[in-house]
Structure formats: C-alpha cells, structure tokens
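# Observations on the three-dimensional arrangement
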Amino acid sequence: MTKAGALPRTIAVALREDPEGNPDFLRRNIYNAKRDLRVKNLAGRTPIVALLDKLEEEGLPFRKRVDNENRITSLIFTHPQSVSFTKRFRNVFVMDCTYKTNKFEMPLLHIVGMTCCNTSFTSALCFLSRETREDYLWAMCMYSELMDYFTPLVIVTDRELALMHANAKVFPTAAKLLCRWHIEKNVVTNCKSAFRTKEEWDGFFNTMQELMKSLTEEKFEENLADLMRDYERYETVTSYVETLLPYKTYFVSAWVDRVTHLGSSVSSRAEGAHKCLKGHIGVSTGNLLTVVDHSRAFMEEQHKEIIGKIANEKVNVPPTLGAFFADIKYKVSGFALGLIEEQYILARRSLATNFTLSTCRDYLKRVFGLPCAHAITEALADDRVLTMHDIHKHWHLVLDENYIEAPTLDTTQAGGNLPMGAPGHQRFYGPPPGPPSNYFGPYGP
Ligand SMILES: [Zn+2]
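Cut-offs and rules
- Residues numbered from 1 in each chain as written.
- Predicted model: local features only at pLDDT ≥ 70, side-chain atom pairs only at ≥ 80, totals over all residues.
- Heavy atoms only, no water.
- Helix = DSSP H or I, 4+ residues; strand = E, 2+ residues; numbered from the N terminus.
- Buried < 20%, exposed > 50% of the residue type's maximum accessible area, 1.4 Å probe, protein only.
- Contact = heavy atoms within 4.5 Å.
- Areas by Shrake-Rupley, 256 points an atom, 1.4 Å probe, with all protein chains shown as cover.
- Salt bridge = Lys/Arg side-chain N within 4 Å of Asp/Glu carboxyl O.
- Donors = N, O, S within 2.8 Å, 3.2 Å for Na, K, Ca; no water.
- Phe/Tyr/Trp six-rings, centres within 6.5 Å; stacked < 30°, edge-to-face > 60°.
- Lys NZ or Arg CZ within 6 Å of the ring centre and 35° of its normal.
- Core = buried A, V, L, I, M, F, W, Y, C linked by side-chain atoms within 4.5 Å.
- Domains from an automatic or database assignment.
- pLDDT = per-residue confidence, 0-100.

Looking up the protein chain in an unreviewed UniProt entry gives the name MULE transposase domain-containing protein, with the organism given as Saitoella complicata.

See below:
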C-alpha cells in the first residue's frame, strides 16, 4: 500500500478493516515500517542516485539539471502513457505550479492535459528550484523534447510572467490564455478589502466578471469605461484593474473565444488536478524520490480511469440519441454528445415551434469544435445527419493514425498568435456570421 501511495492513516484503516490484519497495528508502527522500507529502497545510495535509478528502472522519461555540487536543481518527468495521451490530446494544456509537495520546498510545475471525455490527465511534472525565466525556459524546452517536440495548440497559465515568457519562446505558435479562475482569485485578494459592505463587493465582482465575459472588443471598452467611472473612488481597485489591461487578449471572451480552447480558459482544471495529485503525494515533507513514486502511482491510476472511461463510452450512449446521431454515437465522447444534444434540442424547438434562436456567433464551433443549434437546424432542414467531420477530433474516441494538425495563425491577435477555428476540422455547415447573441444554455448556440 505504501508503494501505491497510500497514507499511513489509510493503511491503518485498511488494516483495521482487514479481518486478517492485526488490530493492534498502530499508526506509529506503520510510519516505522515505511521508514524501514525507504532505507531498504535506498540500499546505500544517496536519495538523488536512487531517484535517477528509479526513473531509469521504471522507464519514466525525464530530464534533470544539477548544480556544481551535483545537487538536482530541476527535474522534469513523465510516464510513457502520459506521453501518448499528450500526443493524442494535444490541444489544450494547463500549466501551473503547486507548492508544499516536498521537503526541499521546490515548486512543482504541473502540466495538465484534457481527454476527449473532458477529464484531466497529468502530462508532465517538473520540480524547479526557482521560478525564474531561465528555469521555466529550461522546463519548457525539456517538456517539448520529452514529447518529441510536439506543440500544444493552446496553453493556459496563471499570470506567471516567467512561464508566459518561456512559452512564447518554446511554443511560439500556441495560443496563450490566462486562467480566468486565477484572475478572479487575484481580484478577490487585491480588491475585496477596499469594499466596506458585502453588497458593494458583490456588485464590483459581478461587474468584473461581466467585463471578462465581454463578447466583442467594443463591448469590452464600454464595460471597462463603465467600471472605471462607477468605481472611480476606489483607487486601489481601479489601479489593480489597470494592471490587468495589458493582458486583456488573454482572458476576455472577445479575444479568447476566437480560440478552440475547449472550455479550458474558464475552468479551474489545474486546481482540481493539483488537489488529486496532492492527495496522492500525501505528506509535504517527502524527498523527491517519494514524490516521484507517488506521482507515478497517481498517473497510472489516472491512465486506468481514462482508458476505462473511453472503453465504456464506445459501448454505452444515452438512449435519447436518435437517428440524427447514428453516425457519431459510440465514436464521440459522452461529454461532446451531451453538448451537441443540448443544441439539437434547441434546434428541434426552433423548427417545431415559433421559438427563435438568437443570432449565431459561432461560439460552439470556434471554442469546442462542435455544431451549434443553427448548424443543426440547417442540417435538419436539408435532411442531413451529423457526420464525424462535424466533430473536432479532440472529442473522437478513436483517431485515424494520421492525426496531425498544424495551427493556423490569426495575426490580428494582440495576445499573440492565437489559432482560429477548429483545426483539422472542415467547415461543414457554417452559419452566417453575426453580432453576439443572447444567452442560451451553458454554452449558447
Ligand atoms: Zn450558431
């Protein structure tokens, strides 16, 4: 159980529940047994040598950097299965450091990808001794190397300038976005104390969220001017908002939603993934060997779950899906099918009743690579059904072997090189462009 990454507390519970187990086995004894096992595992080697041996023995791809005294200053590692998932689900990666994972207090950069089922997987982990531009540049170069020089299409980070800089250098063609969840968290940290009442604060926070959700550049300017005017007397607040403005193209919908980010810019995917990882790492005082060991167990558990879920979705689909879905069901993830079905219901409603869809802003197609209610309405009117070409390859349960995509560049992006549209995806039935629409459902038509 120690090897599988279980905490002494968990082992103690398991032993108590195991009828064969010794009921007097106290937690202390488990700690001692774990320490003995650790000493035995080192077998006279220094922890660093033992760590490198372990990575080699277990076939975990890694790159390391050492100082003059042969101490590790950076170490990036992954798992062969994580490498194949990374190449397969190469679209969106969230990168973020997590802390308090080891006794050296080295930050752990967690690179998280997302599967066709919209679940997370750990693409790679990197211990850093510092968080300078140079450290991140090394990490990103090695990450690219470990993944056979692939380029993600979208990278989501928090406002860690050193990491953003490294990504700009190593992955120049990837769209870079800022995680909105982190921005909101920072707004709370930096602005909340300026407000005396909860009502005032809530009012400001809503205004801030509306600003981030501005659908067009004009709307953003308008919302920003309103905010600056309404909160003029809160000087700390307006000056904090000003510090965010240079990054507007990285987190405001008007710019961000031009990118096929698959919904990742607004989620707290990294936080969720950190939590799961830390649950496995357990104590924050372990050495790197312990952390690597537990991370490996964590990754393998994740791989098993992902493979199981995909296998299950190949044979089980919601019974509500009719003939319109015949060519795509069992071939597209349940998550994507769910999003399409919402749009299908809207489309049917608009055809059967006098319910009118709002103007299409191509959101679902651009952001998720999926057909919206307008596209489905056209298809139904023409007596067509959905085909696999209508679904971004990210959501396919099985891929052809030639799955290679190059990002197309949109040079109008001030945020830099944001790829447009669903790559590798033919525009099948594109609805006419139009002004932003009213809100329809969680993802809108
Ligand atoms: Zn539409």
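### Observations concerning the overall build of the protein chain
What the protein chain contains, in helices and strands, is 17 helices and nine strands. Scored against the burial criterion, the 445 residues of the protein chain give a buried share of 51%. Considering only contacts in the protein chain between residues 6 or more positions apart, those separated by 24 or more positions represent 67%. Of the roughly 21100 Å² of accessible surface on the protein chain, 53% is carried by carbon and sulfur atoms.

### Brief notes about the pattern of salt bridges
Enumeration over the complete set of coordinates arrives at 20 salt bridges. Ionic pairing is found between glutamate 58 and lysine 54, a salt bridge with its closest N-O pair at 3.1 Å. Across the salt bridge formed by aspartate 382 and arginine 384, the nearest N and O atoms sit 3.2 Å from each other. Salt bridges sharing partners connect three or more residues here, namely Lys54, Glu58, Asp293, Arg296 and Glu300.

### Observations regarding the side chain of serine 74
Among the secondary structure elements, serine 74 is positioned in strand 2 (residues 72-77). For serine 74, a relative accessible area of 0% corresponds to the buried category. Beyond its immediate chain neighbours, meaning those up to four positions away, serine 74 contacts Arg63, Lys64, Arg65, Met106, Phe127, Leu128, Asp135 and Trp138.

### Regarding the coordination of the zinc ion
Protein ligation of the zinc ion involves Cys360 (SG), Cys372 (SG) and His374 (ND1), the donor distances falling in the range 2.1 to 2.2 Å. Taken in chain order, the donor set of the zinc ion reads C-x11-C-x1-H. Of the two residues, cysteine 372 and histidine 374, both sit in the buried class.

### Focus: the packing of aromatic side chains
A complete count under the given rule lists 25 aromatic pairs for this structure. Considering the side-chain rings of tyrosine 143 and phenylalanine 150, the 5.9 Å spacing of their centres and the 80° angle between planes classify their relative orientation as edge-to-face. Comparing tyrosine 143 with phenylalanine 150 shows no difference in burial state: the two are buried. Here the aromatic rings of phenylalanine 195 and tyrosine 231 are separated by 6.0 Å at their centres, their planes lie at 80°, and the arrangement is edge-to-face. In this pair, phenylalanine 195 is assigned in the loop between helix 7 (180-191) and helix 8 (198-212) and tyrosine 231 in the loop between helix 9 (217-230) and helix 10 (235-244), connecting sequence segments 36 residues apart. Linked through ring pairs, Phe85, Phe89, Phe93, Phe121, Tyr143, Phe150 and Phe171 together constitute an aromatic cluster. When the ring centre of phenylalanine 355 is taken as reference, the NZ or CZ atom of arginine 349 above it lies at 4.0 Å.

### What to know about the nonpolar core
Counting 37 residues, the largest nonpolar core has Val154, Phe325, Ile328, Ile340, Phe368, Leu370 and Trp395 as its most contacted members. Secondary structure elements with two or more residues in this core: strand 3 (92-98), strand 6 (154-157), strand 7 (175-178), helix 15 (334-352), helix 16 (363-368) and helix 17 (373-381). With six residues, helix 15 is the largest single contributor of residues to this core. Each of domain 2 (45-179 + 267-307) and domain 4 (314-419) gives at least three residues to this core. The residues contacting isoleucine 328, other than those within four sequence positions of it, are Leu337, Ile340, Leu386, Thr387, Met388 and Ile391.

### Concerning the confidence of the model for the protein chain
The predicted model of the protein chain averages 80 in pLDDT, with 77% of residues at 70 or higher. Helix 9 holds the highest mean pLDDT among the elements of the protein chain, 96, whereas strand 9 (residues 418-419) holds the lowest, 30. A low-confidence stretch, residues 11-25 stays under pLDDT 50, and its non-local contacts, those more than four residues away or across chains, total 10 contacts. Across residues 402-445 the pLDDT falls below 50, and counting only partners more than four positions away or on other chains, this stretch makes 125 contacts in the model.

### Thoughts on the environment of histidine 165
Relative to the assigned elements, histidine 165 resides in helix 6 (residues 161-170). Between the C-alpha atoms of histidine 165 and arginine 133, which are 32 residues apart in sequence, the distance is 6.9 Å.

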